[in-house]
Amino acid sequence: MKNLQKITVLLVVFATLTSCKQQQARMPVSRSSGTFMKESAARNKKLIAGEEGKIDSIIKSNPNTKYLASNKGYWYYYVTRNEKDTLRPKKGDVAEFDYEIMDLKGNVVYSDVELRPQTYVVDKQNIMMGLRDGIKLMRKNEKVTFLFPSHMAYGYRGDTKRIKTNQPLIVTVTLNDFRPQTKPADAIKSQN
(Lines give C-alpha, C1' and ligand atoms only; values in the text may rest on other atoms or scores of the structure.)
Protein backbone atom coordinates (compact mmCIF):
# COMPACT_ATOMS: atom_id res chain seq x y z
CA MET A 1 0.00 0.00 0.00
CA LYS A 2 2.87 2.38 0.82
CA ASN A 3 4.39 1.58 -2.54
CA LEU A 4 1.11 2.42 -4.24
CA GLN A 5 0.94 5.79 -2.46
CA LYS A 6 4.53 6.58 -3.41
CA ILE A 7 3.87 5.65 -7.01
CA THR A 8 0.70 7.79 -7.05
CA VAL A 9 2.55 10.79 -5.60
CA LEU A 10 5.37 10.35 -8.09
CA LEU A 11 2.90 10.07 -10.97
CA VAL A 12 1.11 13.25 -9.84
CA VAL A 13 4.42 15.14 -9.54
CA PHE A 14 5.58 13.81 -12.91
CA ALA A 15 2.26 14.68 -14.59
CA THR A 16 2.39 18.19 -13.09
CA LEU A 17 5.95 18.79 -14.27
CA THR A 18 5.35 17.51 -17.79
CA SER A 19 2.09 19.40 -18.23
CA CYS A 20 3.67 22.79 -17.35
CA LYS A 21 4.68 24.79 -20.37
CA GLN A 22 7.31 27.47 -20.65
CA GLN A 23 5.77 30.72 -19.45
CA GLN A 24 5.23 33.10 -22.34
CA ALA A 25 5.15 36.86 -22.27
CA ARG A 26 1.71 38.37 -22.48
CA MET A 27 0.83 40.20 -25.64
CA PRO A 28 -0.14 43.85 -25.27
CA VAL A 29 -3.83 44.64 -25.27
CA SER A 30 -3.38 47.12 -28.11
CA ARG A 31 -0.57 47.36 -30.58
CA SER A 32 0.81 50.57 -31.99
CA SER A 33 1.09 50.53 -35.72
CA GLY A 34 3.61 53.38 -35.79
CA THR A 35 1.31 55.47 -37.96
CA PHE A 36 1.49 58.48 -35.63
CA MET A 37 5.27 58.67 -35.99
CA LYS A 38 5.07 58.16 -39.75
CA GLU A 39 2.41 60.86 -40.10
CA SER A 40 4.40 63.22 -37.87
CA ALA A 41 7.55 62.70 -39.94
CA ALA A 42 5.59 63.30 -43.14
CA ARG A 43 4.09 66.54 -41.70
CA ASN A 44 7.54 67.76 -40.65
CA LYS A 45 9.04 67.00 -44.07
CA LYS A 46 6.19 68.89 -45.73
CA LEU A 47 6.60 71.83 -43.31
CA ILE A 48 10.37 72.03 -43.89
CA ALA A 49 9.92 71.78 -47.66
CA GLY A 50 7.41 74.66 -47.56
CA GLU A 51 9.71 76.83 -45.44
CA GLU A 52 12.70 76.05 -47.65
CA GLY A 53 10.59 76.97 -50.69
CA LYS A 54 9.83 80.39 -49.17
CA ILE A 55 13.48 80.93 -48.30
CA ASP A 56 14.50 79.84 -51.81
CA SER A 57 12.14 82.44 -53.31
CA ILE A 58 13.77 85.14 -51.12
CA ILE A 59 17.20 84.04 -52.32
CA LYS A 60 16.08 84.04 -55.97
CA SER A 61 14.50 87.50 -55.61
CA ASN A 62 17.92 88.89 -54.55
CA PRO A 63 20.27 87.75 -57.35
CA ASN A 64 22.95 90.32 -56.44
CA THR A 65 23.34 88.92 -52.90
CA LYS A 66 25.69 85.96 -52.46
CA TYR A 67 23.88 83.55 -50.15
CA LEU A 68 25.81 80.69 -48.60
CA ALA A 69 24.22 77.43 -47.51
CA SER A 70 25.31 76.07 -44.14
CA ASN A 71 25.67 72.38 -43.49
CA LYS A 72 23.10 72.78 -40.66
CA GLY A 73 20.17 73.69 -42.91
CA TYR A 74 20.08 77.49 -43.03
CA TRP A 75 21.35 80.18 -45.41
CA TYR A 76 23.27 83.38 -44.78
CA TYR A 77 25.05 86.29 -46.42
CA TYR A 78 27.61 88.82 -45.24
CA VAL A 79 26.43 92.41 -44.90
CA THR A 80 29.85 93.47 -43.59
CA ARG A 81 32.93 91.25 -43.86
CA ASN A 82 36.14 91.34 -41.87
CA GLU A 83 38.92 90.05 -44.13
CA LYS A 84 41.74 91.04 -41.74
CA ASP A 85 40.97 88.79 -38.77
CA THR A 86 41.02 85.02 -38.96
CA LEU A 87 39.80 84.11 -35.49
CA ARG A 88 36.23 83.01 -34.87
CA PRO A 89 34.46 82.35 -31.57
CA LYS A 90 34.89 78.85 -30.22
CA LYS A 91 33.43 76.91 -27.34
CA GLY A 92 33.82 78.79 -24.07
CA ASP A 93 34.53 82.20 -25.62
CA VAL A 94 32.36 85.13 -24.52
CA ALA A 95 30.72 86.72 -27.56
CA GLU A 96 29.13 90.16 -27.50
CA PHE A 97 26.67 90.81 -30.29
CA ASP A 98 23.57 92.69 -31.39
CA TYR A 99 20.82 91.22 -33.51
CA GLU A 100 17.46 91.90 -35.07
CA ILE A 101 14.74 89.38 -35.85
CA MET A 102 12.36 89.70 -38.82
CA ASP A 103 9.77 87.45 -40.39
CA LEU A 104 10.24 86.30 -43.99
CA LYS A 105 8.25 89.29 -45.26
CA GLY A 106 10.79 91.66 -43.70
CA ASN A 107 8.58 92.80 -40.81
CA VAL A 108 10.59 93.47 -37.66
CA VAL A 109 9.63 91.07 -34.86
CA TYR A 110 12.32 92.24 -32.40
CA SER A 111 14.51 95.24 -33.18
CA ASP A 112 18.20 95.32 -32.37
CA VAL A 113 17.49 98.18 -29.94
CA GLU A 114 15.12 95.92 -27.97
CA LEU A 115 17.57 93.03 -27.90
CA ARG A 116 20.92 94.72 -27.32
CA PRO A 117 23.42 94.10 -25.99
CA GLN A 118 23.76 90.34 -25.92
CA THR A 119 26.53 88.42 -24.17
CA TYR A 120 26.79 84.72 -24.90
CA VAL A 121 29.21 82.06 -23.68
CA VAL A 122 29.65 80.02 -26.87
CA ASP A 123 28.14 76.53 -26.69
CA LYS A 124 27.57 76.85 -22.95
CA GLN A 125 24.31 78.80 -22.92
CA ASN A 126 20.95 78.06 -24.42
CA ILE A 127 20.09 80.36 -27.33
CA MET A 128 18.35 79.89 -30.67
CA MET A 129 19.89 76.85 -32.39
CA GLY A 130 20.71 78.73 -35.60
CA LEU A 131 22.44 81.54 -33.71
CA ARG A 132 24.44 79.04 -31.69
CA ASP A 133 25.97 77.76 -34.91
CA GLY A 134 25.95 81.03 -36.88
CA ILE A 135 27.97 83.02 -34.35
CA LYS A 136 30.81 80.52 -34.71
CA LEU A 137 31.00 81.35 -38.45
CA MET A 138 31.60 85.04 -37.79
CA ARG A 139 34.66 87.16 -37.17
CA LYS A 140 34.87 90.27 -35.00
CA ASN A 141 32.98 93.30 -36.43
CA GLU A 142 31.16 91.25 -39.05
CA LYS A 143 27.47 91.65 -39.79
CA VAL A 144 25.67 88.60 -41.18
CA THR A 145 22.05 88.01 -42.15
CA PHE A 146 20.78 84.47 -41.53
CA LEU A 147 17.66 82.86 -43.00
CA PHE A 148 16.56 80.23 -40.50
CA PRO A 149 13.83 77.65 -41.10
CA SER A 150 11.68 77.25 -38.00
CA HIS A 151 13.53 74.15 -36.76
CA MET A 152 16.72 76.25 -36.54
CA ALA A 153 14.87 79.14 -34.90
CA TYR A 154 12.19 78.67 -32.23
CA GLY A 155 10.56 75.54 -33.64
CA TYR A 156 7.02 74.34 -33.09
CA ARG A 157 6.61 76.40 -29.94
CA GLY A 158 7.72 79.88 -30.97
CA ASP A 159 8.86 82.18 -28.20
CA THR A 160 5.33 82.41 -26.68
CA LYS A 161 5.41 86.19 -27.27
CA ARG A 162 5.88 87.52 -30.79
CA ILE A 163 7.37 84.59 -32.69
CA LYS A 164 4.68 82.22 -33.86
CA THR A 165 4.61 78.45 -34.06
CA ASN A 166 6.84 77.07 -36.85
CA GLN A 167 7.91 80.54 -37.99
CA PRO A 168 11.01 80.81 -40.18
CA LEU A 169 13.05 83.93 -39.41
CA ILE A 170 15.53 86.38 -40.87
CA VAL A 171 18.10 87.30 -38.22
CA THR A 172 20.77 89.96 -38.74
CA VAL A 173 23.68 89.64 -36.31
CA THR A 174 26.58 92.00 -35.64
CA LEU A 175 29.43 90.35 -33.75
CA ASN A 176 30.94 93.24 -31.83
CA ASP A 177 33.63 91.34 -29.97
CA PHE A 178 34.59 88.03 -28.42
CA ARG A 179 37.21 86.95 -25.94
CA PRO A 180 38.19 83.83 -24.06
CA GLN A 181 36.24 83.25 -20.88
CA THR A 182 38.83 84.12 -18.25
CA LYS A 183 36.97 84.03 -14.99
CA PRO A 184 33.69 82.76 -13.53
CA ALA A 185 32.40 86.35 -13.36
CA ASP A 186 32.15 86.35 -17.18
CA ALA A 187 29.73 83.42 -17.06
CA ILE A 188 27.68 84.97 -14.27
CA LYS A 189 27.53 88.35 -16.02
CA SER A 190 26.45 86.75 -19.29
CA GLN A 191 23.53 84.92 -17.67
CA ASN A 192 21.95 88.17 -16.43
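Cut-off values and rules
- Residues numbered from 1 in each chain as written.
- Predicted model: local features only at pLDDT ≥ 70, side-chain atom pairs only at ≥ 80, totals over all residues.
- Heavy atoms only, no water.
- Salt bridge = Lys/Arg side-chain N within 4 Å of Asp/Glu carboxyl O.
- Helix = DSSP H or I, 4+ residues; strand = E, 2+ residues; numbered from the N terminus.
- Core = buried A, V, L, I, M, F, W, Y, C linked by side-chain atoms within 4.5 Å.
- Buried < 20%, exposed > 50% of the residue type's maximum accessible area, 1.4 Å probe, protein only.
- Contact = heavy atoms within 4.5 Å.
- Lys, Arg positive; Asp, Glu negative; His and termini not counted.
- Polar contact = N/O pair within 3.5 Å; in protein donor to acceptor, adjacent residues only side chain to side chain.

Visitor: Mind laying out the pattern of salt bridges, listing which residues take part and the relevant values?
Guide: In the structure shown here, the tally under the stated rule is ten salt bridges. In this structure, Arg 116 engages Asp 98 in a salt bridge whose closest nitrogen and oxygen atoms are separated by 3.9 Å. One end of the pair, Arg 116, is in the loop between helix 3 (112-115) and strand 5 (118-121); the other, Asp 98, is in strand 3 (residues 93-102), and 18 residues separate them in sequence.

Visitor: Let's hear about the nonpolar core: which residues, and what values?
Guide: Phe 97, Tyr 99, Ile 101, Phe 146, Phe 148, Val 171 and Val 173 are the most contacted members of the largest nonpolar core, which has 27 residues in total. The set of elements that each furnish at least two residues to this core consists of strand 2 (75-80), strand 3, strand 4 (108-110), strand 6 (142-148) and strand 7 (169-180). Tyr 99 has contacts with Ser 111, Asp 112, Leu 115, Gln 118, Leu 131, Val 171, Thr 172 and Val 173, leaving out every residue within four places of it along the chain. Listed in part, the nine residues of the second largest apolar core include Ile 58, Ile 59, Tyr 67 and Trp 75.

Visitor: For the environment of Asn 141, give the residues involved together with the corresponding values.
Guide: Looking at where Asn 141 falls in the secondary structure, it is placed in the loop between helix 4 (129-134) and strand 6. Exposure remark for Asn 141: the relative accessible area of 48% places this residue in the partly exposed category. Apart from the residues lying within four places of it in its own chain, the contact partners of Asn 141 are Thr 80, Leu 175 and Asn 176.

Visitor: Give a detailed account of the side chain of Asp 159, specifying residues and quantitative values.
Guide: With respect to the helices and strands, Asp 159 occurs in the loop between strand 6 and strand 7. Of the buried charged residues, Asp 159 lacks a salt bridge, with Lys 161 as the closest side chain of opposite charge at 5.6 Å. At 2.8 Å, the side chain of Asp 159 forms a polar contact with the backbone nitrogen of Lys 161. Only 2.9 Å separates the side chain of Asp 159 from the backbone nitrogen of Arg 162, close enough to count as a polar contact. Look past the residues within four positions of Asp 159 in its chain and what remains in contact with it is Tyr 110 and Tyr 154.

Function-wise, these values are silent; they only describe arrangement.
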